There are 2 protein chains.
Amino acid sequence: MPCWIDGQPGESLPLVDRGLAYGDGLFETLAVRRGRPLLLERHLARLAEGCARLAIPGDLALIRTELLAFSAALGEGVAKLLLTRGDGLRGYAPPPSAQPRRILLGSPPPAYPPANAEQGVQLFPCRTRLAEQPRLAGLKHLNRLEQVLARAEWQDAEHAEGLMRDLAGRVIEGVFSNLFLVKDGLLLTTDLRRCGVAGVMRAEILALAKRTGISVQVRDIAHAELLAADEVFLCNSLYGIWPVRRFEGHDWPVGTLTRKLQALVRKLLDA
Amino acid sequence: MPCWIDGQPGESLPLVDRGLAYGDGLFETLAVRRGRPLLLERHLARLAEGCARLAIPGDLALIRTELLAFSAALGEGVAKLLLTRGDGLRGYAPPPSAQPRRILLGSPPPAYPPANAEQGVQLFPCRTRLAEQPRLAGLKHLNRLEQVLARAEWQDAEHAEGLMRDLAGRVIEGVFSNLFLVKDGLLLTTDLRRCGVAGVMRAEILALAKRTGISVQVRDIAHAELLAADEVFLCNSLYGIWPVRRFEGHDWPVGTLTRKLQALVRKLLDA
């Protein structure tokens, strides 16, 4: 599997990189099919927003070029891009001279059970809550201890994902997925202005819904609303859509809107 | 300056280290004088608590041995220890096989202006707020984007530190220091069960106060209480104690309790 640093093959990082020191950076995880990165423009758009909000002077044109070349070299699998602020020995202040570092890591296609997409998944109720931090909300930054703690809460294979709530109890997202509900024909997903990661597939589904005339709301969702939903599904840019079939003793059938969106998304991922 | 990885000289890190991927790890920054790490037991105690709460199986006895040997090699300066969960290619789940990685980085003694300790410092009012996350509060973990954002808010040399509040507006700490107040002879510092880093020097000052019969309270502190304090000071394990002389238009003289504690702490750092 290829590994590149700043466009060159490489397997190791200087110890003084601020990505290691402080999680001072961003990442993107892209599905790669037949040598092409999927949803590239959406990944780059989120990365650009992260660079703007963290004031990391990333060269997005260069990153695009490298992602295309890396994907061609990888063929099939997953390209993980990390963009760190670069080097600095000690001290939180971003050094004015720091050069952002681009890291690309290839891995094989993920091996999720086909039943996750077909019959749906069971969701684990994570006790680890998401903190409210508007300055970082939505970004796919490198400070991910909450997800590490949440994912460590279950080891069984029965639960394919876990549900994370914020400290106020609102449902927010999966550990590595975004969450959608359907209620009375309306598509709902959570507002991510306080916490959470604004997923690329979430953005794609919101755009698909708009294009196909499905009514959508993006807003806070209470725990009780999730339990009362007609359909529940998860999404991310690698697996597309997984229906949720069970959570906290509630069972859902795989709904028609879920199936419709799943077919649209599959077309995109198999393109 | 020496750099060690797992006890051996080294300057680079495997790209798949989870410290880089997720900030999945802890760190300690130790003052080293005449070849010895200061406040070693307190640093190790905090690291042990971090290992327990993050379920990182760090070998504390080995880390102690390495810190002693590294400090002897360094002589005078700062030893930064990073302990990451080890390697993992993708996925938040901590791999059961992961071997924690120990990184030691040496740097010269910090060059703070002597006036900071003598006349006191001016505090910058940071707009970046600390998120409430009880699962991580108190730990010196590698997820430090809040501090990076806060420290980037000022560039002038007039402000030696910045004050961080939580989202509810309580005062919590400096960007790289803990905060103490004196009011009517009582020593006060903030409760760090929701957010903040429980500093080693803070623990030392609390113990010193106890030993010398100074009354102490650890509790939530409102913004107005800070402004109404008789004395205000900051501390960390490298510089000891800095009196705060100015914040948001309020001026404080360097108080007698601040000077008393400063003298005790200086004895410790110059030992």
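Residues numbered from 1 in each chain as written. Chains lettered and ligands numbered in written order. Predicted model: local features only at pLDDT ≥ 70, side-chain atom pairs only at ≥ 80, totals over all residues. Heavy atoms only, no water.

J.: Even after reading the chapter, I still don't get the packing of aromatic side chains, so can you show me in this structure?
T.: The geometry of an aromatic ring pair is captured by two quantities: the separation of the ring centres and the angle between the planes. With the rule as written, the count across this model stands at 20 aromatic pairs over all chains. Seen from their ring centres, Tyr112 of chain B and Trp242 of chain B are 4.9 Å apart, and the 85° between their planes marks the pair as edge-to-face. Of this pair, Tyr112 of chain B sits in the loop between strand E7 (101-107) and helix H4 (114-118) while Trp242 of chain B is found in strand E15 (residues 240-247), placing the two residues 130 residues apart along the sequence. The ring of Trp154 of chain A is capped by Arg151 of chain A, whose NZ or CZ atom sits 4.1 Å from the centre of that ring. (Phe/Tyr/Trp six-rings, centres within 6.5 Å; stacked < 30°, edge-to-face > 60°. Helix = DSSP H or I, 4+ residues; strand = E, 2+ residues; numbered from the N terminus. Lys NZ or Arg CZ within 6 Å of the ring centre and 35° of its normal.)

J.: Would you take a moment to explain the packing of helix H2 (residues 40-54) of chain B against helix H3 (residues 60-74) of chain B for this structure?
T.: All names here are of chain B. In contact at an axis separation of 11 Å, H2 and H3 are set at 145° when each is read in the N-to-C sense. Crossing of H2 against H3: the hand is right-handed. Two secondary-structure elements touch here, H2 through Leu40, Glu41, Leu44, Leu47, Ala48 and Cys51 and H3 through Leu60, Ile63, Arg64, Leu67 and Leu68. When the residues that make up the contact of H2 with H3 are grouped by side-chain class, the tally is nine nonpolar, no polar and two charged. (Axes fitted to C-alpha atoms, helices over the stretch in contact; angles between N-to-C directions. Left-handed = near helix turned anticlockwise from the far one by under 90°. Contact = heavy atoms within 4.5 Å. Nonpolar A, V, L, I, M, F, W, Y, C, P; charged D, E, K, R; others polar.)

J.: Honestly, the domain arrangement of chain A in this entry has me stumped. Any pointers?
T.: Many descriptions give the size of an interface as the accessible area lost when the pieces come together. Residue and element names in this part refer to chain A. For chain A, the assigned domains are domain 1 (3-107) and domain 2 (114-269). On a C-alpha basis, the centroid separation for the pair domain 1 and domain 2 is 25 Å. The partner domain 2 presents 23 residues to the 23 residues of domain 1 that form the contact. Around 1800 Å² of area is buried between domain 1 and domain 2 when both sides are counted, 63% of it from carbon and sulfur atoms. When the buried surface of domain 1 facing domain 2 is broken down by residue, Arg42, Arg46 and Arg53 rank first, second and third, together holding 35% of it. At the junction of domain 1 and domain 2, the tally comes to one salt bridge. With a closest N to O distance of 2.5 Å, Glu204 and Arg42 form a salt bridge. For the interface between domain 1 and domain 2, the tally reads eleven residue pairs in polar contact (both at pLDDT 80 or more). Broken down by secondary-structure element, the contributors of at least two residues to the side of domain 1 that touches domain 2 are helix H1 (18-22), strand E4 (25-33), helix H2 (40-54) and strand E6 (77-84). If you tally residues by element for the side of domain 1 that touches domain 2, the top one is E4, at eight residues. (Domains from an automatic or database assignment. Buried area = accessible area lost by both parts, 1.4 Å probe. Salt bridge = Lys/Arg side-chain N within 4 Å of Asp/Glu carboxyl O. Polar contact = N/O pair within 3.5 Å; in protein donor to acceptor, adjacent residues only side chain to side chain.)

J.: Teacher, can you tell me more about the sheet that holds E6 of chain A here?
T.: In a beta sheet, neighbouring strands pair by backbone hydrogen bonds and run either parallel or antiparallel. All names here are of chain A. Read across the sheet, six strands follow the order E2-E1-E7-E6-E4-E5 without closing on themselves; strand pairing throughout is antiparallel. The two strands at the open ends of the sheet, each matched to only one other strand, are strand E2 (8-9) and strand E5 (36-37). Direction of pairing for E4 relative to E5: antiparallel, over a ladder of two bridges. Note that in E5 the partner of Val32 across the bridge is Pro37. (Pairing = 2+ DSSP bridges.)

J.: What is the right way to read the pattern of salt bridges from this model?
T.: A side chain with one charge can pair with a side chain of the opposite charge if their charged atoms come near. For the structure on display, the rule yields 40 salt bridges over all chains. Here Arg18 of chain A ties to Asp24 of chain A by a salt bridge, and the two come within 2.9 Å at their closest N and O atoms. For the pair shown, Arg18 of chain A and Asp24 of chain A are each scored as buried. Measuring nitrogen to oxygen at the nearest pair gives 2.8 Å for the salt bridge that ties Arg246 of chain B to Asp251 of chain B. Accessibility expressed as a relative area gives 30% for Arg246 of chain B, which makes it partly exposed. Connected through shared salt-bridge partners, Glu132, Asp166, Arg170, Arg194 and Asp220 of chain A make up one network. (Buried < 20%, exposed > 50% of the residue type's maximum accessible area, 1.4 Å probe, protein only.)

J.: Just checking my understanding: could you explain helix H8 (residues 256-269) of chain B for this structure?
T.: The α-helix winds at 3.6 residues per turn, so residues separated by three or four positions along the chain end up facing the same way. Residue and element names in this part refer to chain B. The terminal C-alpha atoms of H8, which comprises 14 residues, lie 20 Å apart, in line with the 20 Å expected from a rise of 1.5 Å per residue. If you check which residues of H8 are buried, you get Leu257, Thr258, Leu261, Gln262, Val265 and Leu269. Buried residues along H8 cover an arc of 130° about the axis, so they all sit on one side. Those residues of H8 that are exposed and angled more than 90 degrees off the buried face are Thr256 and Lys267. (Expected span 1.5 Å × (residues − 1). Arc of directions from axis to C-beta.)

J.: Explanation requested: unusual backbone geometry in the structure shown.
T.: Among all residues except glycine, the phi angle is most often negative; among peptide bonds, the trans geometry is most common. Positioned with a positive phi, Arg34 of chain A is a non-glycine residue whose angle comes to about 45°. The phi dihedral of Asp6 of chain B is positive, around 50°, even though this residue is not glycine. Positionally, Asp6 of chain B belongs in the loop between strand E1 (3-5) and strand E2 (8-9).

J.: Hey, could you run me through the interface of chain B and chain A in this one?
T.: Facing 61 residues of chain B, the contacting portion of chain A comprises 61 residues. In this assembly, chain B packs against chain A so that about 4700 Å² is buried in total across both faces, 68% of it on carbon and sulfur atoms. The interface formed by chain B and chain A holds zero salt bridges in total. Secondary-structure elements contributing two or more residues to the side of chain B that touches chain A are E1, strand E3 (12-14), helix H1 (18-22), strand E4 (25-33), H2, strand E6 (77-84), E7 and helix H5 (145-151) of chain B. Here the element with the most residues in the side of chain B that touches chain A is H5 of chain B; it accounts for six residues. Classifying every residue of the side of chain B that touches chain A by side-chain character gives 32 nonpolar, 14 polar and 15 charged. By the bridge criterion, three bridges tie strand E3 (residues 12-14) of chain A to E3 of chain B in an arrangement that is antiparallel.

J.: In this structure, what is going on with the sheet that holds E2 of chain B? I would like to understand it.
T.: Residues and elements named next belong to chain B. The strand order across the open sheet formed by six strands is E2-E1-E7-E6-E4-E5, and the pairing between neighbours is antiparallel. Each of the sheet's edge strands pairs with one partner strand only, and the pair in question is E2 and strand E5 (36-37). In terms of strand pairing, E6 meets E7 through seven bridges, oriented antiparallel. From the neighbouring strand, Thr84 faces E7, where its bridge partner is Arg101. In the packing of H2 onto the sheet, contacts are made with E4, E5 and E6, and the angle to E4 comes to roughly 175°.

J.: For this particular structure, what's the right way to read the relation of the copies chain B and chain A?
T.: Overlaying chain B with chain A gives an RMSD of 0.0 Å, the required rotation being 180° about an axis along which the chain moves by 0.0 Å. The two molecules are tied by a two-fold rotation axis, judged by turn and shift. Both copies present the same face, since 100% of the interface residues in chain B are matched by interface residues at the equivalent positions in chain A. (Least-squares fit on C-alpha atoms with pLDDT ≥ 70 in both.)

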